[in-house]
Amino acid sequence: MLLRLRKNLSRAELEAVLGLARELGYGTRFLDGGREILALDGVDGGPEPVGAPDHRARFEDLAAVSGVLDAGESHELFERGEGRADTVVRVGDAAFGGKHISLVAGPCAIEDFDSALEIARAVRERGATCLRGGAFKPRTSPYSFQGARAKGLEILAQVKLATGLAVVTEVLDPRDVAAVGQVADMFQIGSRNMQNSALLIEVGKAKKPVLLKRGFAATLREFLLAAEYVLAQGNEQVVLCERGIRGFDPSTRNVLDVGAVAYLKRLTHLPVVVDPSHASGRSELVRPLSRAGLAAGADGLIVEVHPHPEFTHSDGEQAIDLEEFRLVAADARAIAALDGREVVAPRTQGAKR
Ligand code: PEP
Ligand code: MN
């Protein structure tokens, strides 16, 4: 590992770095006369100890260290690594990653049983394998509709039974992980909670797939380290979701970071999906952004769909109707075929009612 140290360190600050290196079994050697670049390697010229993923973070935390120039053998669990195959995350019929693309669709929020069932049946018919829909909604204003909560979970459970679709729904609070996990096949962690470490640890322990949405002002490293919290609990089933970052132009709700999708596919073995609905905030942009995301290498889409967007309780202006979703799904199949991938089709039948 290679560290850059700050200039003019006190003896105590320098000793903190050298002491930690000794404690972790590294030998130390300055590479420059100014004593700013410190190499950590094996003691007595031996091979560098294989760093646990936390070694880098422990050095970064020291006041004397201004940066880690090369993390050496200290690998984080999200890293793609040489020759490492894509992680494929399976949720019901859906599979994300490798050659598999899957479509998650549904309303922003679960409102009532009839509309949830109508939407679920319609999106399944058009190629979705997972139903999205918030029972607990993270709203910017405390006065906005906060979701149907426990009733919403009940509706999701019934719709899952009736359609065979896997359920993706958001959990906002570590205390709700058990209850939401009774119904969810995949926990959604929302943009506002991406760095809620208590929540990430709790869903990590639950050992169920997690859809982790990028914070709207999070760097890619912050995003990947949030995923690391889940992975560090022994839960490898994490799907990253690019949902747009905050820009300066109010024309669209957020800015879809297509470059991030392509770059994440290089940085990590984890699958990446795109949410064109929250990225744009405008239904007419959902189809083109879906195309862009998949063309950049995304392993799936999560899209807000509603047969009557004008009557939704939340995010109506970005919901697409059923015909538009049919077109999005057709585009996805065409783009998948371009690079030898496949959109996974729904197989599981719902229970007869
Ligand atoms: C959502 O998907 O319903 C949602 C609230 O999205 P985000 O967390 O990306 O804002
Ligand atoms: Mn929404």
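The structure displayed is predicted, hence computed values, not measured ones.

**Quick look at the sheet that holds strand β4 (residues 65-70)**
Point 1. One open sheet accounts for four strands, arranged β2-β3-β1-β4; its pairing is antiparallel. The sheet is open, and its two edges are formed by β2 (27-30) and β4, each paired on a single side. Adjacent strand axes in the sheet meet at a mean angle of 30°, parallel and antiparallel pairs treated alike.

**Side note on the coordination of the manganese ion (ligand 2)**
The expected angle between donors at a tetrahedral four-coordinate metal is 109.5 degrees. At an octahedral six-coordinate metal it is 90 or 180 degrees.
Point 1. Around the manganese ion (ligand 2), the protein contributes the donor atoms Cys108 (SG), His278 (NE2), Glu304 (OE) and Asp315 (OD), at 2.0 to 2.4 Å from the metal centre.
Point 2. Along the chain, the residues donating to the manganese ion (ligand 2) are arranged with the sequence spacing C-x169-H-x25-E-x10-D. Of the two residues, Glu304 sits in strand β14 (residues 300-304) while Asp315 sits in the loop between β14 and α11 (322-338), which places them eleven residues apart along the sequence.
Point 3. Taking relative accessible area as the criterion, Glu304 reaches 1% and is therefore assigned buried.

**Quick notes on empty space enclosed by the protein**
Point 1. Summed over the entire model, instances satisfying the criterion amount to one cavity of 30 Å³ or more.
Point 2. Its boundaries defined by the atoms lining it, the largest cavity holds a volume of some 60 Å³.
Point 3. Gly106, Pro107, Cys108, Ala109, Glu111, Glu304, Val305, His306, Thr312, Ser314, Asp315 and Ala319 together form the lining of the largest cavity.

**Some details on the layout of surface pockets**
Point 1. Reported here for the largest pocket is a volume of approximately 270 Å³.
Point 2. Lining the largest pocket are ten residues, and of these Ala57, Glu76, Leu225, Glu228 and Tyr229 lie nearest its centre.
Point 3. If you list the elements that add at least two residues to the lining of the largest pocket, you get α2 (53-60) and α7 (220-231).
Point 4. Looking at the lining of the largest pocket residue by residue, the class counts come to five nonpolar, no polar and five charged.
Point 5. If you count residues domain by domain, the lining of the largest pocket takes at least three from each of domain 1 (2-70) and domain 2 (89-343).
Point 6. Of the pockets and cavities examined, the second largest pocket occupies roughly 220 Å³.
Point 7. Forming the walls of the second largest pocket are 16 residues, and the residues nearest its centre are Pro138, Arg192, Arg253, His278 and Asp315.
Point 8. Residues belonging to the lining of the second largest pocket are distributed by class as follows: two nonpolar, five polar and nine charged.

**So, the site of ligand 1**
Point 1. Inspection of the region around ligand 1 gives Arg132, Lys137, Pro138, Glu170, Gln188, Gly190, Ser191, Arg192, Lys213, Arg243, His278 and Glu304 as its neighbouring residues.
Point 2. Contacts to ligand 1 include Arg132, whose side-chain N or O atom sits 2.8 Å from an oxygen atom.
Point 3. Arg243 is positioned such that a nitrogen or oxygen atom in its side chain is 2.6 Å from an oxygen atom of ligand 1.
Point 4. Taken by itself ligand 1 offers 300 Å² of open surface, and the protein chains cover 97% of this.
Point 5. Placement of ligand 1 is best described as lying within the second largest pocket.
Point 6. By residue class, the composition of the shell around ligand 1 is one nonpolar, four polar and seven charged.

**Focus: helix α6 (residues 197-205)**
Point 1. Along α6, the positions that sit buried rather than exposed are Leu199, Leu200, Val203 and Gly204. On an axial view of α6, the arc spanned by its buried residues comes to 135°, and they lie on one face.
Point 2. Elements in contact with the buried residues of α6: α5 (177-181), β10 (186-189), β11 (210-213) and α7.

**Focus: the packing of helix α10 (residues 283-295) against α11**
Point 1. Two elements in contact, α10 and α11, have axes whose closest approach is 10 Å; the angle formed by their N-to-C orientations is 20°. It follows that α10 is roughly parallel to α11 by the angle criterion. The two elements α10 and α11 cross, and the hand of that crossing is right-handed. Contact residues: Arg287, Ser290, Arg291, Leu294 and Ala295 in α10; Glu324, Leu327, Val328, Asp331, Ala332 and Ile335 in α11.
Point 2. For the contact of α10 with α11, the residue count by class is six nonpolar, one polar and four charged.

**Side note on the packing of α6 against α7**
Point 1. Axis separation between α6 and α7 bottoms out at 7 Å; the angle between their running directions is 40°. What the angle tells us is that α6 and α7 run oblique. Residues Ser197, Leu200, Ile201, Val203 and Gly204 of α6 pack against Ala226, Tyr229 and Val230 of α7.
Point 2. Looking at the contact of α6 with α7 residue by residue, the classes come out as six nonpolar, two polar and no charged.

**Observations regarding the nonpolar core**
Taken as a class, soluble globular proteins show a tendency for nonpolar side chains to be buried jointly.
Point 1. Formed by 69 residues in total, the largest nonpolar core has its most connected members in Leu212, Leu240 and Phe325.
Point 2. Counting 17 residues, the second-largest nonpolar core is a separate cluster that includes Val17, Leu20, Leu40 and Ala71.

**Some details on the packing of aromatic side chains**
Point 1. All chains considered together, the criterion is met by one aromatic pair.
Point 2. When the ring of Tyr26 is compared with that of Phe59, the centres are 6.1 Å apart and the planes differ by 75°; the resulting orientation is edge-to-face. Of this pair, Tyr26 sits in the loop between α1 (11-24) and β2 while Phe59 sits in helix α2; the two residues are 33 residues apart in sequence, bridging distant segments of the chain. The same class applies to Tyr26 as to Phe59, namely buried.
Point 3. The ring of Phe216 has Arg246 lying over it, and the distance from NZ or CZ to the ring centre is 4.6 Å.

Reading guide: rules and limits
Residues numbered from 1 in each chain as written. Chains lettered and ligands numbered in written order. Predicted model: local features only at pLDDT ≥ 70, side-chain atom pairs only at ≥ 80, totals over all residues. Heavy atoms only, no water. Pairing = 2+ DSSP bridges. Helix = DSSP H or I, 4+ residues; strand = E, 2+ residues; numbered from the N terminus. Axes fitted to C-alpha atoms, helices over the stretch in contact; angles between N-to-C directions. Donors = N, O, S within 2.8 Å, 3.2 Å for Na, K, Ca; no water. Buried < 20%, exposed > 50% of the residue type's maximum accessible area, 1.4 Å probe, protein only. 1 Å grid on protein atoms, 1.4 Å probe; cavity = no way out; pocket = protein on both sides within 12 Å on 5 of 7 lines; lining within 4 Å. Points joined across faces, edges and corners; volume = space filled by probe spheres on them. Nonpolar A, V, L, I, M, F, W, Y, C, P; charged D, E, K, R; others polar. Domains from an automatic or database assignment. Near = heavy atom within 4 Å. Polar contact = N/O pair within 3.5 Å; in protein donor to acceptor, adjacent residues only side chain to side chain. Areas by Shrake-Rupley, 256 points an atom, 1.4 Å probe, with all protein chains shown as cover. Sits in = over half its atoms within 2 Å of the grid points. Arc of directions from axis to C-beta. Contact = heavy atoms within 4.5 Å. Parallel < 35°, antiparallel > 145°, perpendicular 65-115°, else oblique. Left-handed = near helix turned anticlockwise from the far one by under 90°. Core = buried A, V, L, I, M, F, W, Y, C linked by side-chain atoms within 4.5 Å. Phe/Tyr/Trp six-rings, centres within 6.5 Å; stacked < 30°, edge-to-face > 60°. Lys NZ or Arg CZ within 6 Å of the ring centre and 35° of its normal.

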